[in-house]
Amino acid sequence: MRHLISIEDVSVSWWDELYRQCCDIIARPGDYSLSCSGRVLATLFFEPSTRTNFSFQSAMMRLGGSVFGFSEPGATSTAKGETLADTVRMMSSYADAIVIRSPYEGAAMAASLYSEVPIINAGDGGHFHPTQTLADLTTISQKRGAVGNLNIGLCGDLLNGRTVHSLVLALSKFPNINYFLISPRELSIPDYMLTHLKNQNQKYIEITSLESTLPQLDILYMTRIQRERFADPKDYDRLKNVYILNRRKLMAAKEECLVMHPLPRLDEIARDVDDDPRAAYFEQARYGMFIRMALLLQMTHLERVAPGPAVSNTALRCTNPKCITATETYLPALARESDRESCAYCDKKMLTI
């Protein structure tokens, strides 16, 4: 694997290998303290982040490597109008791998077209967040022993929840997963995700009630309603507290049910849940650091490869205003190989213009 753009890039066999190394790092961290000595990681965060940014930094430093980057694009040449392609070209001259987060869908894929070093997607708008999914799979494996044979409830903003999208793609590779998609109708999971579930013969149900679903779940994956994805603040205010999990409601859940959350949380999980043994979200954050250590150990040691010319493979154009092609207009028009009418950057349908 050259780049980690989507969790679809991760095969089950590669995940097994990565997880085995992660477990060894957890058991013997001192043995890895110089594994990335002399290696450099660049972090390009065009969007705010706490856990993901610091998790990558901590992971690289624990491996003996170095980190540089930015979390405020206004202080970089981006503010002067430098293109994403030129920023990536420059950063790949200095680093052995690049982690990128952007509010635009498909930004990581766009970066991979111009980078000599591996690109790791740390979140592209409301699209995907594959390394959070690696943290989620690690948490499930550590707490349950294996991934598979699960009733999982995904609750909250499923429309814009990139962590949910990536997790669904990942879990569909494992046996006997039943999905309970819990959201307001306005924030239901995107059509392209439902198409994926149908194509993979996955069992799912779309519902609006959290309380009625709780007793059936092995995992409850809560997500926040994302203020930054709403064009109208009034819509956010109307929906922001539609789901709140508290200790009283959790009484209806199984004793072995895991409560997970990619964080940050707002009010969707009450503080009185934190001390419940089923609450796994802070452990989830720590496991994220360990699995990112395993990931960086592999990807920062890959050879530099000069990218080939970026050439369009379709005459269609993406009209999604949140797609990276809306702002980086020089990017080649690319369609998914599996669906020639869908944008390869953001997965939305394209049109003839």
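Residues numbered from 1 in each chain as written. Predicted model: local features only at pLDDT ≥ 70, side-chain atom pairs only at ≥ 80, totals over all residues. Heavy atoms only, no water.

### A look at helix 2 (residues 51-62)
The criterion, for reference: Under the DSSP-based scheme used, a helix requires at least four consecutive residues in state H or I and a strand at least two consecutive residues in state E, with every element numbered from the N terminus. Here the expected length of a helix is defined as 1.5 Å per residue gap, with one fewer gap than residues. The buried label applies to any residue whose accessible area, calculated with a 1.4 Å probe on protein chains only, is under 20% of its type's maximum; exposed applies above 50%, and partly exposed to all values in between. Only heavy atoms enter the contact rule, under which two residues are in contact if any of them lie within 4.5 Å.
Helix length check: helix 2 (twelve residues) gives 16 Å between terminal C-alpha atoms against 16 Å at 1.5 Å per residue, within 8%. All buried positions along helix 2 are accounted for by Thr 52, Asn 53, Ser 55, Phe 56, Ser 58, Ala 59 and Met 60. Contacts from the buried residues of helix 2 go to strand 1 (40-45), strand 2 (66-70), strand 3 (97-102), strand 4 (119-124), helix 5 (130-144) and helix 10 (281-299). Once helix 2 finishes, Gly 64 follows within two positions and takes phi at roughly 85°, a positive value.

### Side note on the pairing of strand 1
Where a strand is regular, its side chains alternate between the two sheet faces. The following threshold applies: The definition of a right-handed crossover adopted here requires that, viewed with the strands pointing away, the path from the first strand over the helix to the second runs clockwise.
Most of strand 1 sits out of view: six of its six residues are buried. The two faces of strand 1 match: Val 40, Ala 42 and Leu 44 on one face and Leu 41, Thr 43 and Phe 45 on the other face are all buried. The β-α-β motif built from strand 1, the intervening helix 2 and the parallel element strand 2 has right-handed crossover chirality.

### What about the sheet that holds strand 5 (residues 150-155)?
Worth spelling out the cut-off: Any two strands between which DSSP finds at least two bridges are classified as paired. Note on method: axes are straight lines fitted to C-alpha atoms, helices fitted across the in-contact stretch only, with angles between N-to-C directions ranging 0 to 180 degrees.
The five strands lie next to each other as 7-6-5-8-9, forming an open sheet whose pairing is parallel. Taken across any chain shown, the strands that pair with only one partner, and hence form the sheet edges, are strand 7 (203-207) and strand 9 (258-260). The mean inter-strand angle of the sheet, taken between neighbouring strand axes irrespective of direction, is 15°. Bridge count between strand 5 and strand 6 (residues 177-182): six bridges; the pairing is parallel.

### A closer look at empty space enclosed by the protein
Quick note on the threshold: Cavity and pocket criteria rest on a 1 Å grid covering protein atoms alone: a 1.4 Å probe that fits but cannot get out defines a cavity, protein on both sides within 12 Å along at least 5 of 7 lines defines an open pocket, and an atom within 4 Å of a point defines a lining residue. Grid points are joined across faces, edges and corners, and a volume is the space filled by probe spheres set on the points. Just so you know the grouping, Ala, Val, Leu, Ile, Met, Phe, Trp, Tyr, Cys and Pro go in nonpolar, Asp, Glu, Lys and Arg go in charged, and all remaining residues, Gly too, go in polar.
Here the structure, examined in full by the defined rule, presents two cavities of 30 Å³ or more. By volume, the largest cavity amounts to about 70 Å³. Forming the walls of the largest cavity are Ile 7, Val 10, Ser 11, Val 12, Trp 15, Leu 134, Leu 137, Ala 170, Lys 173 and Phe 174. Of all the secondary-structure elements, those providing two or more residues to the lining of the largest cavity are helix 1 (12-27) and helix 5. For the lining of the largest cavity, the class distribution of residues is eight nonpolar, one polar and one charged. Taken as a whole, the second largest cavity encloses approximately 30 Å³ of empty space.

### Topic: the nonpolar core
Let me state the cut-off plainly: For the purposes of this section, nonpolar cores are sets of buried Ala, Val, Leu, Ile, Met, Phe, Trp, Tyr and Cys residues that join through side-chain atoms within 4.5 Å.
Within the largest apolar cluster, 60 residues are counted, with the highest numbers of intra-cluster contacts made by Leu 154 and Tyr 179. Excluding residues that lie within four positions of it along the chain, Leu 154 makes contacts with Val 164, Leu 167, Val 168, Tyr 179, Phe 180, Leu 181, Ile 182 and Tyr 221. Core analysis: the second largest hydrophobic core is formed by 34 residues, Leu 84, Val 88, Ala 110 and Cys 323 among them.

### With respect to the sheet that holds strand 2
In space, the four strands of this open sheet follow the order 2-1-3-4, with parallel pairing throughout. Each of the sheet's edge strands pairs with one partner strand only, and the pair in question is strand 2 and strand 4. In this sheet, adjacent strand axes meet at a mean angle of 15° when their direction is disregarded. As judged from the five bridges shared by strand 1 and strand 2, these two strands associate in the parallel manner. Counterpart to Ala 42 in the pairing with strand 2 is Phe 68. Contacting strand 1, strand 2, strand 3 and strand 4, helix 2 crosses the sheet at an angle of about 175° to strand 1. Strands strand 1, strand 2, strand 3 and strand 4 of the sheet are contacted by helix 3 (residues 84-94), whose axis makes an angle of about 150° with strand 3.

### Remarks on the layout of surface pockets
Its volume calculated, the largest pocket comes out at about 540 Å³. Considering the residues around the largest pocket, the lining is formed by 29 residues, among which Arg 101, Arg 162, Arg 224, Leu 263 and Pro 264 are closest to the centre. Looking at the lining of the largest pocket, the elements that each hand over two or more residues are helix 2, helix 5, helix 6 (162-171) and helix 10. For the lining of the largest pocket, the leading source of residues is helix 10, giving five residues. Grouping the constituent residues of the lining of the largest pocket by class yields eight nonpolar, 13 polar and eight charged.

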